[in-house]
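# Notes for the structure review
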Amino acid sequence: MTAVGDARSEPVTGTESGPAGPAYRKLQAGGVVLAVLAVLAIPSLPFTSGDVFFWTEILIAILFATAANLLVGYTGLVSFGQASFLGAGAYTVGMLVSKGGFESMTFTLIAAVVVGGLMALVMGALIVRTTGLAFAVLTLAFLELLRTMAFKERTFGGENGLSGVVRTGIGPIDLVSLDRYYYCVAVLAMVAMAMMWVVVSSPFGLTLRAIRDDAERVDFLGVPVRLYKLGVFVMAGAVSGLAGALDAYLNLFVSSETLSLTRSAEPVLMSILGGTSFFFGPAVGALTYEWLQDLLQARTASWVLWIGLGLIAIIVALRRGIVGLLAQAWALSRRRDPAGRTEGKE
Amino acid sequence: MTAALRLDGVGKRFARTTALSGVTLEVPDGQLRAIIGPNGAGKSTLFGVISGVHAPTSGTVRLYGDDITGRSPAAVVKAGMARAFQVARLFNDLTVEENVLAAVQARRGTSWTFFRLLRSDRAAAEQTAALLEEVGIAGRAATRAGVLSQGDKKLLELTMALALEPRVLLLDEPTAGMSPAETQATVEILHDLHRRRGITILLTEHDMGVVFALAEEVSVLHYGEVLTTGPPAEVRDDPQVIEVYLGEPL
């Protein structure tokens, strides 16, 4: 760990948002750079180039889980209906392409973001007054409503779903090949992640964390809590809409499976697995989850059982998720550092 | 001159009990007023009604002439009032600094700013640092609020209330749960604050030492009614007050 050796010694206060201090920030920045390089290298690395479809799925899962964690981790709103907006994005693409004949992906992707955000606005306006279990149940009810509609209504493809989604390109960039589409997803996901990072690091983000701790107390700061909840709900909905659209263009097919409870629970599970109090927790969780699923699926038919048991074990053992464990290990290693090295600049 | 806070015939009934009946109270601008009374006299309900937690069953609450009866807590804060709770309510997972910053940005109207980094707002950071300095908890800025001592928690909550730059400050037992030393320090802080900022302060307190050290006037609440209001020395010697509350002459 020579990279952090020259950093000033900081008391590691260990707030739920991660140990503070410039050294930690440096470590985080280093991790992000490595992750970005890895993401860009995946289609050309010998051991991953054969699995570009799988890696595209992972990027979409990371995007979706990070969006859900804006609610779960940052605002304390547990939504079991986040797939409503994933589905909204996917169906927006499905309908526009297969029924409307729209070829421009620029248009359909933007439309998916707008539809995801608008649906979240409508739904949020109805339910942000509720909290806890009532909120979770209402998100679930809304999801079921949409799923039933998609499944029964012929206009939306019914039980056959919507096939005939074709990938064209964005502007002059041709995205027909999977490798190229992978890069498109990577860039869009990174931009969306960067935007979400700014949001959680902003004054608005601090207000969200305050709401998570004690929403009622925020009222006594003169802040209209419901509007803030609605705001973040719309943001999460819009990003989920994008994830859904990217998913539709990956599978070239849209079905009511995108509106299933499984798809809704996944981002919440991934967030808890990685650590809801860390921005990159959901990303690490998504990667681990998908990898575990892939590993088990190839070996046993009862993989759902094993992944369930595995998740329970990890969640019980690591109260703050995988990233929480790493952060703790790092904090410990710094505390044990010989004094001379960390106090260089004091 | 308009009173800072004026209650007219304020009543509050819960399902079966009458917590307040016909409370009429006037706190002049800039005064430090203490409300005392035995447990169950209605002090907490009174604060709840003033700060928008409960809508009164009858009567009106005015803040500098502005009728705030039945407004939401957030709207009452907007009208110029801030409060602290008997058991400090903080954002436990946030640091001391972040707690105050949340209040500072609420006051500055920047809580909505979502596309700018928090740490780039120098003015808010400076104001936060100055407030922490003023109340004397700057040394704990990076500590998680949840692990503070009871005394520091109360001081942090006071700092958050001050960050809202209220014209009227409600403090529900500001020294509850404090050690004698912390109580003494808090009395000094409140005394200085009141003198320096000239804001109107309404506080409830069980510790008569604190009341007599700080209050310019004292109102005694008994069974949801105001028994009497007057300067501390007068109230202390009031036979009625001695009978219902103080028990014996102080």
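None of these values were measured; they are calculated from a predicted model.

Attention shifts here to the interface of chain A and chain B. Contacts between chain A and chain B engage 25 residues on the former and 32 residues on the latter. Those elements that provide at least two residues to the side of chain A that touches chain B are helix H6 (178–200) and helix H7 (203–219) of chain A. The greatest single-element share of the side of chain A that touches chain B, amounting to 11 residues, is contributed by H7 of chain A. Looking at side-chain class alone, the side of chain A that touches chain B contains 12 nonpolar, 7 polar and 6 charged residues.

On to helix H5 (residues 132–152) of chain A, then. Residue and element names in this part refer to chain A. Taking 1.5 Å per residue, 21 residues should reach 30 Å; H5 reaches 31 Å between its end C-alpha atoms and fits that length. Among all positions in H5, only Phe135, Thr139, Leu143, Leu146, Arg147 and Ala150 are buried. The arc that holds the buried residues of H5, viewed along the axis, is 110°, so those residues lie on one side. Exposed residues lying more than 90 degrees from the buried face of H5 are Leu133, Ala134, Thr148 and Lys152. Buried positions along H5 lie against helix H3 (83–99), helix H4 (105–127) and helix H9 (261–274).

Let us now look at the nonpolar core. In this structure, Ile62, Leu63, Val93, Ala236 and Leu242 of chain A are the most contacted members of the largest nonpolar core, which totals 174 residues. If we skip the residues at most four places from it in the chain, alanine 236 of chain A touches Ala67, Ala68, Leu70, Leu71 and Ala120 of chain A.

Before going further, it helps to examine the pairing of strand E6 (residues 81–84) of chain B. Residue and element names in this part refer to chain B. The side-chain alternation of E6 yields two buried faces, one formed by Met81 and Arg83 and the other by Ala82 and Ala84. As defined by bridge partners, E6 adjoins strand E7 (residues 168–172) across 4 bridges and the pair is classed as parallel. Across the sheet, alanine 84 pairs through a bridge with leucine 171, a residue of E7.

Take the packing of H9 of chain A against helix H10 (residues 281–299) of chain A next. Residue and element names in this part refer to chain A. Taken N-terminus to C-terminus, the directions of H9 and H10 make an angle of 105°; their axes are 7 Å apart at the nearest point. Here H10 runs roughly perpendicular to H9, going by the angle between their axes. On H10, the residues that touch Pro267, Leu269, Met270, Ser271, Leu273 and Gly274 of H9 are Gly281, Pro282, Ala283, Val284, Gly285, Ala286, Thr288 and Tyr289. Here the residues of the contact of H9 with H10 are counted per class, giving 9 nonpolar, 5 polar and no charged.

Let us now look at the sheet that holds strand E5 (residues 66–67) of chain B. All names here are of chain B. An order of E2-E1-E4-E5 is seen for the 4 strands of this open sheet, with the pairing classed as antiparallel. Strands with a single pairing partner mark the edges of an open sheet, and in this sheet they are strand E2 (18–27) and E5. Summarising the sheet, strand E1 (residues 5–13) and strand E4 (residues 58–63) pair through 5 bridges and their orientation is antiparallel. Opposite leucine 7, over in E4, you have valine 61 as the bridge partner.

Reading guide: rules and limits
- Residues numbered from 1 in each chain as written.
- Chains lettered and ligands numbered in written order.
- Predicted model: local features only at pLDDT ≥ 70, side-chain atom pairs only at ≥ 80, totals over all residues.
- Contact = placed C-beta atoms within 7 Å.
- Helix = DSSP H or I, 4+ residues; strand = E, 2+ residues; numbered from the N terminus.
- Nonpolar A, V, L, I, M, F, W, Y, C, P; charged D, E, K, R; others polar.
- Expected span 1.5 Å × (residues − 1).
- Buried ≥ 20, exposed ≤ 12 C-beta atoms within 10 Å, placed from the backbone.
- Arc of directions from axis to C-beta.
- Core = buried A, V, L, I, M, F, W, Y, C linked by C-beta atoms within 7 Å.
- Pairing = 2+ DSSP bridges.
- Axes fitted to C-alpha atoms, helices over the stretch in contact; angles between N-to-C directions.
- Parallel < 35°, antiparallel > 145°, perpendicular 65-115°, else oblique.

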